[in-house]
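Tertiary structure, described
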Amino acid sequence: MAHQWGMVIDLDRCTGCEACVVACHAENNIATVGEKEAARSRANHWIRVERYYEGDFPDVKVKFMPVLCQQCDAAPCEPVCPTFASYHTEEGLNGQVYNRCIGTRYCANACPYNVRFFNFYNPKWDKPLNLQLNPDVSVREVGVMEKCTFCVQRIKAAETNARAEKRDVRDGEIQPACVQSCPTNAMVFGDLSDPNSRASRMAASSRGGKLLEELGARPKITYLQRDTWNGDENA
Amino acid sequence: MDGPDPILGPGQTLSSVTEKISSIVLGRGNTTPGWIFGAFISFCLLMLLNTVITLLAIKGVGIWGINIPVAWGFAITNFVWWIGIGHAGTLISAFLLLLHQKWRTSINRFAEAMTIFAVMCAGMFPLLHMGRPWLFYYLMPYPNPMWLWPQFRSPLVWDVFAVSTYFTVSLLFWFVGLIPDLATLRDRATGKIKKIIYGIFSMGWRGSATHWARYEFASILLAGLATPLVVSVHTVVSFDFTIAIVPGWHSTIFPPYFVAGAIYSGFAMVLTLAIPLRKYYHLQNMVTDRHIDIMAKVMLATGIIVAYSYVMEMFMAFYSANPFERAQFVERMTGQYAVVFWTLITFNLVIPQLLWWQKVRRHQMTVFLISLIVNIGMWLERFVIIVVSLHHEYEPSKWYMFFPTRWDWATFAGTIGMFFLLFYLFIRFLPMISIVEMRTLVHETSETGSHAGLYPVPPEA
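The residue numbering used here restarts from 1 in each chain and proceeds along that chain's sequence as written. Key to labels: chains lettered from A, ligands numbered from 1, both in the order written. Local features in this predicted model are restricted to residues of pLDDT 70 or higher, and side-chain atom pairs are both shown and tallied only at a pLDDT of 80 or more, whereas totals for entire chains, interfaces and linings draw on every residue. For side-chain calculations, the full set of non-hydrogen atoms in the structure is used, while hydrogens and water are omitted.

Re the overall build of chain A
Helix and strand assignments follow DSSP, with helices taken as H or I runs no shorter than four residues and strands as E runs no shorter than two, numbered in order from the N terminus. Within chain A one finds seven helices and 10 strands. Taken over the C-alpha trace, chain A has a radius of gyration of 18 Å; the compact-globule value for 235 residues is 18 Å, and the two agree within 12%. Three labels apply to residues, based on accessible area from a 1.4 Å probe with only protein chains included: buried if under 20% of the type maximum, exposed if over 50%, partly exposed otherwise in between. Going through the 235 residues of chain A one by one, you find that 55% of them count as buried. Put simply, chain A shows about 11,000 Å² of open surface, and 50% of that area lies on carbon and sulfur atoms. Computed over 28 positive and 30 negative side-chain charges, the separation of the two mean positions in chain A equals 5 Å. This radius of gyration counts C-alpha atoms alone. The globule rule is 2.2 Å times how many residues there are, raised to the power 0.38. Here the accessible surface of atoms and residues is derived via Shrake-Rupley with a 1.4 Å probe, and residues count as covered only by protein chains that are part of the display. Only four residue types enter the charge count: Lys and Arg as positive, Asp and Glu as negative, with His and the chain ends excluded. To locate a charge, the coordinates of NZ of Lys, CZ of Arg, CG of Asp or CD of Glu are taken.

Laid out in C-alpha cells, this is it:
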C-alpha cells in the first residue's frame, strides 16, 4: 500500500517563533511580494502561524497555531479545478501541477483553510537572493496557484534512495522544512498508513483534533492540544 | 385583441410597418449626431477595455484588487451580471414564442440582440480573470498526447459548455429570424454595397412557400432548443458557487434564485434599452405603453421571487444553526460591507415595489429609473454573494477586505462600452424590430378585430 503522508502538530509545544515559516520560504522558493502587496493580503506563506488571544487584559493568554495545507483526503480544492492541476496523489497529497494550472483560483475559494496562494505578478528575487533558489523546486510564474507540498521533493528523494537501497522509507527519515526547523519539535511528519510510525501514534493521542473537522474535508494534520478541543479550557 | 390597450398602435399597415422599420436602417441622414456621440463614447470605453486586456496580458491579474481570501472579485461579478442580463432576451424570443405571447413580437429582436451582446461581454470575463488566459483551451476536451481531459466534476467546465451552447443557440436563433428581414433590406436598399452585403446575409431568400415553411420550422426548433437554456445556463452559473463550501455560497436555493435574478435583471436591461429607443426612433406605435407595462410586471414578479430568495437564504442561515452561515449573514448585514448590502436590499426589494401601481408603470421616466436601479441592485447582489462571502470565510486570520482598483472599474466600464457599441451598430445596420413578425401581427390583428391593421384608418375611427 502506498504511503499516506501526514503530520501531527503539538500546539502545547509551539512557541510561535515562525522558524517554520522562514524555512518553508527558503526550501520552496517562495517569493516575497514586498510590503505593498503584502498589505493587500497577497503574501504567499505556505505555512503561517495564527495567533489567538484568550482572556482580558492583563490576564491574556496567547495561543499559536501553525496552519499549512491539511492535505485533506476529501479535499474541497480538488474537484473544483477544471484542469486537474489540483489533484490527489497516490500517497495522499493534494498535488498541484503548476504546468497545468491556468489560474482560475477556484481552489483558493473552495479551500476552507485558505492555504492556497496565487502569483498575482511574476515573482522576482533581488540579487544575490536568486543564487539561493532551491534547484529541486520549480519556480512558479505569474497566474499560477501554489501551496504546501509537504516538501514533496524531499519525500521523492528519500523514496528514491530507499528504493536504491532496496528497503522501505524509515520512519523519521523524511522531514519537511518546517518540521526540520522546529526548535521545540512541535511538528512530526510520517506515514499514517503505518500504525507504528511516530506520527500515527501521536495522532491517536487523546489531545488530538482536526482543524474544522466538521466540514468533512478529512484533513491529514492532527493538532494536539490540552483539553480545549471539547471547549473546556479550564480543565 | 386582448385588453383595452393594444399591442400595436393604431393605423399600422403592412407597408407602413416595413417602411418604418427599414427606413431606420436604410434611410439617409439616420447617422444622427446623437448616434455618433453615443457610439463614440462607447468606442472610447471599448478602447479602454483593450488597454486593460493588454495590461492584463503583460502584468497579470494583479492589476485588479483581488487577493487571497477574495480570489474572485469584479470579474466574476461582472460575468454573472452580464450573463443574467442575457436571459431576458432568450425568455422573450424563445419561451414566449412557444407560449404564443403576441406582445413579444416588437421587442424580441432587440432583446435577442441584447442577449448576444451581453453573453459576449460575459464570456470575456472567465477568460480574462484566468491567471494564464493563453491556456484557456485546457478547459476543452481535446485530444492530446497526455490523454488528459478536463475535470468534469468542476463547475467551471460545466460553465464552458453552458455558456458556449447558449451563445451558439442564441446567435443561430437570432440570425435565422433575421433572414427574411435581411432579404427585405436587400430588396429595398439603393446602394450597391448595401445590396451585396444584405444579399449575402439573406442567404438567397426569395420568400417562396418552401422558404417560409423551413423558416417556421427552424424557428420553432431553435426556440425549443433555446427555452431550456433560459433555465439551465444560470443554474449552471449558480453551481460555480454552490459546489464550493464557502459560507454564503453552499446553498441549494441558488439555482432557482439565480434564474429568477437573471430574468429580473434581464428585463430591467430590456426596459433600460427599450424606453429611450422607442422615444428616439418614434416607435411608440410598435413598442407601446402596454409593452412597457407588461415588462414592468414581469420585473415585479421576478423581483418578488428574488426577494423571497433573500429572505429564505437568511432564514436558513439562522435556522440551520450553522455558526459559519450565521456569522456570514451577520457580517453581511452589519459588517464592513453592510452599506453595499443595504443598498442592494433597497434597490432590489424596496424601490421596485412601486411597480404595483399602474400609474408608475405607465410613467416612462419612472420605469426607466427603476430599471436602472434594478440593474445596479442586481450587480450589487452578485458583488455581495461573491466578494462579501469570500472576505469572511472560516479562518479569522484570513479575513481580508477587497478593494477594487481603477483597473477593476476600467474592465467593467470597458465591457459596458463594448455592449453599447455593438448595440449602436445593431440599431443602425439591422432592423431592430422584426419586420416579418410585425407584418404577421398586423395581419392577425386585422383578422380578429377591426381592419385597423390592413388598411389606413381614417382619423375619426
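Text resumes after the structure shown.
Details of the overall build of chain B
Helix and strand counts for chain B come out as 15 helices and zero strands. Against the globule reference of 23 Å for 461 residues, chain B gives a C-alpha radius of gyration of 23 Å, in line with a compact fold. Projecting the C-alpha coordinates of chain B onto the three principal axes gives extents of approximately 75 × 55 × 40 Å. Buried residues in chain B amount to 57% of all 461 residues. Across chain B, every contact between residues at least 6 apart in sequence was considered, and the portion connecting residues at least 24 apart equals 81%. We call two residues in contact when some of their heavy atoms are within 4.5 Å.

Topic: the sheet that holds strand β1 (residues 5-10) of chain A
Residues and elements named next belong to chain A. Here, strands pair whenever DSSP counts at least two bridges between them. Read across the open sheet, the four strands follow the order β8-β1-β10-β9; overall the sheet is mixed. Single-partner strands in this sheet number two, and they are β8 (187-191) and β9 (208-209). Looking at chain direction, β1 and β8 are connected through five bridges and run antiparallel. Pairing of Gly6 across the sheet is with Gly190, part of β8.

Re the packing of helix α3 (residues 74-98) of chain B against helix α8 (residues 254-280) of chain B
All names here are of chain B. Between α3 and α8, the shortest axis-to-axis distance is 7 Å and the interhelical angle comes to 75°. Taken together, α3 and α8 sit at an angle that is classed as roughly perpendicular. Contact with α3, carried on its side by Val80, Trp81, Trp82, Gly84, Ile85, His87, Ala88, Leu91 and Ile92, involves Phe258, Ala262, Ile263, Ser265, Gly266, Phe267, Met269 and Val270 of α8 and no other residues of that element. Its residues placed into classes, the contact of α3 with α8 shows 13 nonpolar, four polar and no charged. Axis lines are fitted to C-alpha atoms, over the contacting stretch for helices. Their N-to-C directions set the angle, which ranges from 0 to 180 degrees. When describing relative orientation, an angle under 35 degrees is termed roughly parallel and one over 145 degrees roughly antiparallel, while 65 to 115 degrees is termed roughly perpendicular and anything else oblique. Each residue gets one of three labels, nonpolar for Ala, Val, Leu, Ile, Met, Phe, Trp, Tyr, Cys and Pro, charged for Asp, Glu, Lys and Arg, and polar for the others, Gly among them.

A word on the nonpolar core
Residues grouped as a nonpolar core are buried Ala, Val, Leu, Ile, Met, Phe, Trp, Tyr and Cys residues, joined through side-chain atoms within 4.5 Å. Met7, Phe150 and Met187 of chain A together with Trp82, Phe423 and Phe426 of chain B are the most contacted members of the largest nonpolar core, which totals 204 residues. If you tally residues by element for this core, the top one is α8 of chain B, at 16 residues. Excluding residues within four positions of it along the chain, Trp82 of chain B makes contact with Ala118, Cys121, Ala122, Phe125, Met269, Phe412, Thr415, Ile416 and Phe419 of chain B. Counting six residues, the second largest nonpolar core, distinct from the first, contains Ile102 of chain A together with Met130, Leu139 and Val160 of chain B.

A look at the packing of helix α4 (residues 105-128) of chain B against α8 of chain B
Residue and element names in this part refer to chain B. At a closest axis distance of 10 Å, the pairing of α4 and α8 adopts a crossing angle of 125°. It follows that α4 is oblique to α8 by the angle criterion. Considering the relative orientation of α4 and α8, their crossing is right-handed. Residues Phe110, Ala111 and Met114 of α4 form the contact with α8, whose participating residues are Gly266, Met269, Val270, Leu273, Ala274 and Leu277. Split into classes, the residues belonging to the contact of α4 with α8 amount to eight nonpolar, one polar and no charged. Rotating anticlockwise by less than a right angle from the far helix to the near helix defines a left-handed crossing, while the corresponding clockwise rotation defines a right-handed one.

Topic: the side chain of Thr242 of chain B
Mapped onto the elements of the fold, Thr242 of chain B is located in helix α7 (residues 209-242). The exposure class of Thr242 of chain B is buried, given its relative accessible area of 11%.

Description of the interface of chain B and chain A
Residue-level contacts link 50 residues of chain B with 45 residues of chain A. Once two parts are brought into contact, the accessible area they lose, counted with a 1.4 Å probe and summed over both, makes up the buried area. A buried area of about 3,900 Å², summed over both sides, lies between chain B and chain A, and 57% of it is on carbon and sulfur atoms. For chain B, the biggest contributors to the area lost against chain A are Ile68, Arg132 and Glu395 of chain B; these three give 19% of the whole. Whenever a carboxyl oxygen of Asp or Glu lies within 4 Å of a side-chain nitrogen of Lys or Arg, that contact is scored as a salt bridge. Counting across the interface, chain B meets chain A through two salt bridges. Between Glu395 of chain B and Arg48 of chain A there is a salt bridge, with the nearest N and O atoms lying 3.1 Å from each other. Classifying every residue of the side of chain B that touches chain A gives 33 nonpolar, 10 polar and seven charged.

Section: unusual backbone geometry
All names here are of chain A. Residues Phe57 and Pro58 are joined by a peptide bond in cis, for which omega reads 5°. With respect to the element layout, Pro58 can be found in the loop between β2 (47-54) and β3 (61-68). In the segment running from Lys127 into Pro128, the intervening peptide bond is cis, with an omega of 5°. Secondary-structure assignment places Pro128 in the loop between β6 (116-118) and β7 (145-147). For Asn114, which is not glycine, the phi dihedral falls at a positive 50°. Note that Asn114 resides in the loop between α4 (106-110) and β6. Phi is positive for Lys166, close to 50°, though the residue is something other than glycine. Considering the arrangement of structural elements, one finds Lys166 in the loop between α5 (152-164) and α6 (177-181).

Examining a nonpolar patch on the surface
To count toward a patch, a residue needs a relative accessible area above 30% and no salt bridge. Like charges then connect within 9 Å, nonpolar side chains (Val, Leu, Ile, Met, Phe, Trp, Tyr) within 5 Å. Taken together, the side chains of Ile193, Ile196, Ile197, Ile200 and Phe201 of chain B define a hydrophobic patch exposed on the protein surface, amounting to about 530 Å² of accessible area. Locating Ile193 of chain B in the fold gives a position in helix α6 (residues 192-201).

Description of the side chain of Asn348 of chain B
Residue and element names in this part refer to chain B. Take Asn348: it is sitting in helix α11 (residues 338-350). Whenever two N or O atoms come within 3.5 Å, that pair is a polar contact, provided that in protein one can donate a hydrogen and the other can accept it, and provided that, for residues adjacent in sequence, both atoms are side-chain atoms. There is a polar contact of 3.0 Å between the side chain of Asn348 and the side chain of Tyr310. A distance of 3.4 Å separates a polar side-chain atom of Asn348 from the backbone nitrogen of Met378. If we skip the residues at most four places from it in the chain, Asn348 touches Tyr264, Tyr310, Val374, Gly377, Met378 and Glu381.

Things to note about the pairing of β1 of chain A
Successive side chains on a regular strand alternate, one facing one side of the sheet and the next facing the other. All names here are of chain A. Among the six residues in β1, six count as buried, and that is most of the element. Side chains Trp5, Met7 and Ile9 of β1 all project onto a buried face; the interleaved residues Gly6, Val8 and Asp10 project onto the opposite face, where all are buried too. Pairing of β1 with strand β10 (residues 221-224), which is carried by four bridges, proceeds in the parallel orientation. If you follow Val8 over to β10, its bridge partner there is Thr222.

What to know about the pairing of β3 of chain A
All names here are of chain A. When β2 meets β3, the two strands line up antiparallel, connected through eight bridges. For Ile47, the partnering residue across the bridge sits in β3 and is Leu68. Linking two consecutive strands that pair antiparallel, namely β2 and β3, is a turn of six residues; a positive phi of about 85° is found at Gly55 within it.

Quick look at the packing of aromatic side chains
Note on ring pairs: Phe, Tyr and Trp rings are taken, using the six-membered ring of Trp, and paired if centres are within 6.5 Å. Classes follow the plane angle, with under 30 degrees stacked, over 60 edge-to-face and the rest tilted. One pass over the full model with this rule turns up 46 aromatic pairs over all chains. Where Trp35 of chain B meets Tyr424 of chain B, the ring centres are 6.2 Å apart and the plane angle is 90°; that geometry is what we call edge-to-face. Here the residue Trp35 of chain B occupies a position in helix α2 (residues 33-59), and Tyr424 of chain B occupies one in helix α14 (residues 406-429), the gap between them amounting to 389 residues. Both rings, one in Phe74 of chain B and one in Trp379 of chain B, keep their centres 5.0 Å apart while their planes meet at 85°; by these two values the pair is edge-to-face. Here the residue Phe74 of chain B occupies a position in helix α3, and Trp379 of chain B occupies one in helix α13 (residues 364-390), the gap between them amounting to 305 residues. Geometrically, a charge over a ring is one whose NZ (Lys) or CZ (Arg) sits within 6 Å of the ring centre while staying within 35 degrees of the ring normal. In this structure, Arg42 of chain A is placed above the aromatic ring of Phe120 of chain A, and the distance from its NZ or CZ to the ring centre is 4.3 Å. Here Arg105 of chain A stacks its cationic end above the ring of Phe118 of chain A, 5.1 Å away from the centre of that ring.

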